[in-house]
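Given next are the chains, with one letter for each unit.
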Amino acid sequence: MSILAILWFFLIFLLIAGYFILDGFDLGVGILYPFICKDERDQRICRRAIGPVWDGNEVWLLTAGGALFAAFPDAYATTFSGFYLAIMLVLFALIVRAVCFEFYEGDPKWRPLWNVCFFLGSLFPALLFGVAIGNVIAGIPMDMDGNYAGIPLLGLITPFTLLTGVLGLAMFVSAGACWLALKAPLGSGLQQRAAKLRLPSQLASFVLFAALTVVMFALLGGTAEMQSELEISRFLFAVLFVVTLGGAMVVDYNGRKTGEGRNYLWVFLLQSASAFSLVFLLACSMFPVLVMASPDSVGAPITLMTAGASDLSLTYMTVILCIGLPFVLLYHFLVYRTFRGRVSE
């Protein structure tokens with residue numbers, strides 16, 4: 001197990017965390033869209049709040065998939081073939097969401113349809129991403145060659161994976177509420193409704209995380225994969241998740257109680273930090289396993305030792321990363337700085 005393989009293992013999770021944070025609030029806004037918007041003005045504010053950044057945020061997901069393909073091709077082949085139908089549903093939903101932005105300003109008679117599609121195109125990815133992560137944690141059935149041997153799509157849905165999916169959904173909804181509270185015109189009905197939704201969604205995320213932790217240790221605690229040598233790191237990231245999410249709730253509650261309006265950015269940043277810690281808690285729990293094997297699996301788990309690309313390939317990837325990553329970060333800095341502040345009339 002080379003140093004470069006370990007580096008790219010955590011870099012891929014860093015890309016996933018970037019997507020979870022950045023596109024998370026996009027999906028959250030789409031999920032809240034039909035429930036929080038009272039009129040056409042509210043709908044326009046929601047679309048404007050994410051319009052300049054949503055497409056750039058999705059690049060993190062594409063980059064993570066490409067990095068997995070190049071760095072760990074065996075793991076890529078197993079997961080993408082096993083989750084093929086689910087991945088196609090996610091891609092179709094993301095495409096429909098993009099179409100909604102482009103077509104909404106066309107014929108007004110079609111706008112109710114695009115509103116529904118915008119909601120569904122945000123809901124399905126948010127839920128299915130969590131279900132996929134649940135399968136990665138619980139393990140999937142594989143044959144001796146490492147190919148997925150379960151039932152397509154239906155075999156991926158279990159009570160445990162649904163629980164992880166609902167946790168991801170709650171985190172996305174919380175992120176979307178925090179973003180709308182930060183971007184909607186201060187004092188508007190939309191901004192006030194979004195601010196009121198932050199605390200309940202954060203509390204739901206906290207309760208779901210606690211329930212998922214209990215279930216995970218009850219079902220998976222005895223497996224070798226869950227007893228990794230990164231116990232301290234797992235504990236630290238679990239504590240970080242609890243502290244940052246709890247901090248977001250405390251700041252939100254105190255700000256609402258005192259009428260202080262400058263806490264919106266802090267709540268969003270703490271919510272983002274909790275999402276980051278949750279992803280890296282998963283990374284530390286899995287290391288060095290890339291794809292868990294279920295108890296009834298014939299094949300063995302796919303690990304860094306068995307699935308990593310050559311050191312030469314990983315070296316080239318590292319050089320490309322050092323060249324390209326600064327430009328990606330510069331792009332995001334410029335976009336978010338250009339469109340900083342609240343949406344105006």
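From a predicted model like this one, the values you see are computed outputs, not experimental measurements. (Residues numbered from 1 in each chain as written. Predicted model: local features only at pLDDT ≥ 70, side-chain atom pairs only at ≥ 80, totals over all residues. Heavy atoms only, no water.)

**Notes on the packing of helix α2 (residues 40-50) against helix α8 (residues 159-183)**
As a reminder, the rule being used: Helix axes are fitted to C-alpha atoms over the stretch in contact, other axes to C-alpha atoms as well, and angles between N-to-C directions run from 0 to 180 degrees. Helix and strand labels come from DSSP, where a helix needs a run of H or I of at least four residues and a strand needs a run of E of at least two; each type is numbered from the N terminus. When describing relative orientation, an angle under 35 degrees is termed roughly parallel and one over 145 degrees roughly antiparallel, while 65 to 115 degrees is termed roughly perpendicular and anything else oblique. Any two residues whose heavy atoms approach within 4.5 Å at even a single point are treated as in contact. Lys, Arg, Asp and Glu make up the charged group, whereas Ala, Val, Leu, Ile, Met, Phe, Trp, Tyr, Cys and Pro make up the nonpolar group; the residues left over, Gly among them, are polar.
It is at 10 Å that the axes of α2 and α8 come closest, and there the two elements cross at 100 degrees. One finds that α2 runs roughly perpendicular with respect to α8. Facing α2, whose interface residues are Cys46, Ala49 and Ile50, α8 presents Trp179, Leu180 and Lys183. Residues belonging to the contact of α2 with α8 are distributed by class as follows: five nonpolar, no polar and one charged.

**Details of helix α6 (residues 84-103)**
What counts, and what does not: A helix is expected to reach a length of 1.5 Å times the quantity of its residues less one. With a 1.4 Å probe rolled over the protein chains alone, any residue whose accessible area is under 20% of its type maximum counts as buried; one over 50% counts as exposed, and the rest are partly exposed. Note that the arc is computed from the directions linking the helix axis to the C-beta atoms.
Taking 1.5 Å of rise per residue, the 20 residues of α6 would be expected to cover 28 Å, and the 28 Å separating its terminal C-alpha atoms lies within 8% of that figure. Taken together, the buried positions of α6 are Ala86, Val90, Ala93, Leu94, Val96, Arg97, Cys100 and Phe101. Viewed along the axis of α6, the buried residues span an arc of 155 degrees, placing them on a single side of the element. Exposed positions of α6 whose direction lies more than 90 degrees from the buried face are Phe92, Ile95 and Glu102.

**Looking at the side chain of Asn115**
Threshold: Between N or O atoms, a polar contact is any pair within 3.5 Å; within protein, one atom must be a potential hydrogen donor and the other a potential acceptor, and residues adjacent in sequence are included only when both atoms are from side chains.
Tracing the sequence through the fold places Asn115 in helix α7 (residues 111-138). Here the side chain of Asn115 touches Tyr33 through a polar contact of 2.9 Å, side chain to side chain. Residue contacts for Asn115: discarding those within four places in its chain leaves Tyr33, Gln43, Arg47 and Tyr104.

**Remarks on the packing of aromatic side chains**
The cut-off we apply is this: Pairs were defined over the aromatic rings of Phe, Tyr and Trp, the Trp ring being its six-membered one, requiring ring centres within 6.5 Å. Orientation was assigned from the angle between planes: stacked under 30 degrees, edge-to-face over 60, tilted for the rest. For a ring to carry a charge above it, either NZ of a lysine or CZ of an arginine must fall within 6 Å of the ring centroid while also lying within 35 degrees of the normal to the ring plane.
Taken as a whole and assessed by the stated rule, the structure comprises 21 aromatic pairs. Judged by centre distance (5.4 Å) and plane angle (25 degrees), the rings of Phe10 and Phe287 are stacked. With Phe10 in helix α1 (residues 3-36) and Phe287 in the loop between α11 (264-286) and β1 (289-291), this residue pair connects regions lying 277 residues apart in the sequence. In this structure Phe10 comes out as partly exposed when scored by relative accessible area, which is 24%. Both rings, one in Phe20 and one in Phe172, keep their centres 5.0 Å apart while their planes meet at 80 degrees; by these two values the pair is edge-to-face. Here the residue Phe20 occupies a position in helix α1, and Phe172 occupies one in helix α8, the gap between them amounting to 152 residues. Of the two residues examined, Phe20 and Phe172, each falls in the buried class. Above the plane of the ring of Tyr104 lies Arg47, whose end atom (NZ or CZ) is 3.6 Å from the centre. Over the face of the ring belonging to Tyr264 we find Arg342, whose NZ or CZ atom lies 5.0 Å from the ring centre.

**Examining the confidence of the model for the protein chain**
Note the threshold: Confidence scores per residue from the predictor, reported as pLDDT, run from 0 to 100.
Taken residue by residue, the protein chain gives an average pLDDT of 86. The fraction at 70 or more is 93%. Confidence over residues 222-228 falls short of pLDDT 50; this stretch has 15 contacts with residues more than four positions distant or in other chains.

**Things to note about the packing of α6 against α7**
Definition in use: Take the far helix as your reference; a near helix turned counterclockwise from it by less than a right angle gives a left-handed crossing, and one turned clockwise gives a right-handed crossing.
Orientation of α6 relative to α7, taken along the N-to-C sense of each, is 150 degrees, at an axis distance of 8 Å. With respect to their mutual orientation, α6 and α7 come out roughly antiparallel. Between α6 and α7 lies a crossing of left-handed hand. Contact residues: α6 offers Ala86, Leu89, Val90, Ala93, Leu94, Val96, Arg97, Val99, Cys100, Phe101 and Phe103, while α7 offers Trp114, Cys117, Phe118, Gly121, Ser122, Phe124, Pro125, Leu128 and Phe129. Here the residues of the contact of α6 with α7 are counted per class, giving 17 nonpolar, two polar and one charged.

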